[in-house]
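# Examination of the molecular architecture
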Amino acid sequence: MRDFRVGIIGATGMVGQRFATLLENHPWFHVTALAASARSAGKTYEEAIGSRWALTVPMPESMKKMPVYDAEADLDKMKELVDFVFCAVNLPKAEVKALEEMYAKAEIPVMSNNSANRGVPDVPMIVPELNPEHADVIPAQRKRLGTKRGFIAVKSNCSLQCYVPLLSPLRELYGLNKVLVCTYQAISGAGKTFERWPEMVDNLIPYIGGEEEKSEQEPMKLWGKVVDGAIVNAERPLITAQCLRVPVTDGHTAAVFASFDRKPDIEEIKKIWDSYTSIAQEAQLPSAPKKFIHYFEENDQPQIKTARDLEGGMAISAGRLRPDTQYDIKFIGMAHNTLRGAAGGAVEMAELMAVKGYLD
Ligand code: NAP
């Protein structure tokens with residue numbers, strides 16, 4: 001694979017920091033530009049971050065002295081420096097949409113972590129292991145935007161990663177018709193650490209704004225079909241979700257209940273999860289886990305502390321699969337929210353785009 005010059009928009013944020021560390025030694029992608037708001041512009045990365053570095057791994061040495069650009073005002077500079085960008089910014093939806101379209105229209109492909117464009121039918125929302133074929137809408141999006149190279153691709157909300165990958169391989173086989181899910185979400189999902197959010201120590205907040213809607217609606221796009229250059233959402237299953245913020249640094253857990261048209265066999269499901277593979281594994285995308293789904297037989301697994309970093313934080317963990325009295329099955333899913341669920345998922349999506357030739 002050729003080398004790509006990469007920019008990070010929102011480099012100073014929680015997800016942006018993850019991008020910086022994940023890309024430090026990436027075999028194909030090399031960070032050549034960092035951008036954030038006007039507040040950070042003109043400073044070095046180290047100065048702009050100040051005391052906000054939130055990861056246990058250190059800031060990449062090679063990026064400490066890199067200048068931070070103003071993502072909006074310095075578009076021309078960014079255009080000179082990068083082949084494509086990752087974007088994770090904390091802005092109102094309309095402003096995110098305008099920013100991402102500005103880059104796409106400047107012929108800079110955008111790999112986005114933001115939710116603003118997720119509902120647009122010709123913007124692919126991709127988990128490489130689940131719906132790589134959704135990239136087929138990119139030519140239609142380019143036509144709409146009037147671009148040759150530029151386009152926007154998004155990754156789905158972080159909460160989905162701990163249950164949708166586990167339901168996906170069962171969906172077509174057994175006819176998934178009803179899902180109830182409760183998610184227990186880490187504080188890094190709000191861009192926070194315990195230092196910056198001391199109220200979360202020994203606490204639980206039974207509400208995360210907008211999260212339940214995303215958890216119920218976004219799977220329908222992931223499970224949708226490409227028809228005439230647009231993604232048509234799936235109509236089933238019916239999903240109901242409750243999302244809670246829990247005092248955990250990283251790692252989202254889901255308690256899942258599911259019913260199917262055809263009653264599934266517990267041991268057969270374990271075999272399906274165990275053998276699940278996709279283009280991401282076959283093409284050996286650098287960020288893809290070698291084994292996507294790890295099932296734990298122990299009753300007290302998967303636990304956040306032992307399972308979240310499996311395969312570089314890119315694997316999906318599952319456990320406690322058993323029959324339920326009201327639904328056909330119930331189980332626990334777990335995934336790292338800022339790796340698989342955010343920056344890592346976007347890097348893997350970009351790797352898929354590179355393999356498919358959309359970043360040329
Ligand atoms: P965050 O820690 O609050 O960081 C926000 C970033 O946005 C900072 O780099 C900030 O730059 C930048 N920014 C703010 N206004 C800007 C502007 N006008 N132009 C350019 N950059 C601007 O937020 P986060 O947790 O990283 O989340 C970022 C995005 O990723 C959000 O859309 C979030 O929903 C999404 N996301 C987060 C997670 C997660 O687990 N945290 C998971 C999936 C998706 P300054 O430092 O200059 O202010």
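The structure contained in this document is the topic of the report that follows. No experiment lies behind these values; they were computed from the predicted model shown.

What follows concerns the site of the ligand. With respect to spatial proximity, 29 residues lie near the ligand, and among them Gly13, Ala36, Ser37, Ser40 and Gly191 are the closest. Elements with a minimum of two residues in the shell around the ligand: α1 (14–23) and α12 (339–355). Ranked by the residues each element gives to the shell around the ligand, the list is headed by α1, at three residues. Looking at the shell around the ligand residue by residue, the classes come out as eleven nonpolar, 16 polar and two charged. Two domains share the shell around the ligand, each providing at least three of its residues, namely domain 1 (4–157 + 343–355) and domain 2 (158–336).

With an omega of 5°, the peptide bond between Arg236 and Pro237 qualifies as cis. Phi angles above zero are rare outside glycine, and Asp228 is one such case at about 50°. Note that Asp228 resides in the loop between β8 (225–227) and β9 (230–232). A tally of 9 C-beta atoms within 10 Å means that Asp228 is categorised as exposed. Positive phi, normally seen in glycine, also occurs at Arg320, with a value near 55°. Looking at the secondary structure, you find Arg320 in strand β13 (residues 316–323).

Reading across the sheet, the six strands line up as β3-β2-β1-β4-β5-β6 and stay open at both edges, with parallel pairing between neighbours. For this open sheet the edge positions go to β3 (68–70) and β6 (152–154), each flanked by a neighbour on one side alone. Taking each pair of neighbouring strands and ignoring which way they run, the sheet shows an average axis angle of 30°. Relative to strand β2 (residues 29–36), strand β1 (residues 4–9) runs parallel, the two being bridged by six bridges. The residue of β2 that forms the bridge with Phe4 is Phe29. Along the sheet, α1 makes contact with β1, β2 and β4 (84–87), crossing β1 at roughly 160°.

Taking strand neighbours across the sheet as the criterion, the six strands line up as β10-β7-β11-β14-β13-β12 in an open arrangement whose pairing is mixed. Across the chains shown, the open sheet's two edge strands, defined by having one partner strand only, are β10 (238–245) and β12 (293–296). Neighbour to neighbour, the strand axes of the sheet diverge by 20° on average, direction disregarded. Taken together, the four bridges between β12 and β13 define a ladder with parallel strand orientation. Following the sheet pairing, Phe296 is matched in β13 by Gly319. Across the sheet, helix α6 (residues 164–174) lies against β7 (176–185), β11 (252–260), β12, β13 and β14 (329–335), angled at about 175° from β7, the strand it touches most.

Further remarks concern the nonpolar core. With 101 residues, the main nonpolar core has Ala35, Val85 and Phe86 as its most contacted residues. No other element matches the ten residues that α12 contributes to this core. Both domain 1 (4–157 + 343–355) and domain 2 (158–336) contribute no fewer than three residues apiece to this core. Dropping the residues within four chain positions of it, Ala35 is found in contact with Gly7, Ile9, Ala11, Val68, Tyr69, Asp70, Ala71, Asp74 and Met78.

Rules used in this analysis
- Residues numbered from 1 in each chain as written.
- Predicted model: local features only at pLDDT ≥ 70, side-chain atom pairs only at ≥ 80, totals over all residues.
- Near = placed C-beta within 6 Å.
- Helix = DSSP H or I, 4+ residues; strand = E, 2+ residues; numbered from the N terminus.
- Nonpolar A, V, L, I, M, F, W, Y, C, P; charged D, E, K, R; others polar.
- Domains from an automatic or database assignment.
- Buried ≥ 20, exposed ≤ 12 C-beta atoms within 10 Å, placed from the backbone.
- Pairing = 2+ DSSP bridges.
- Axes fitted to C-alpha atoms, helices over the stretch in contact; angles between N-to-C directions.
- Contact = placed C-beta atoms within 7 Å.
- Core = buried A, V, L, I, M, F, W, Y, C linked by C-beta atoms within 7 Å.

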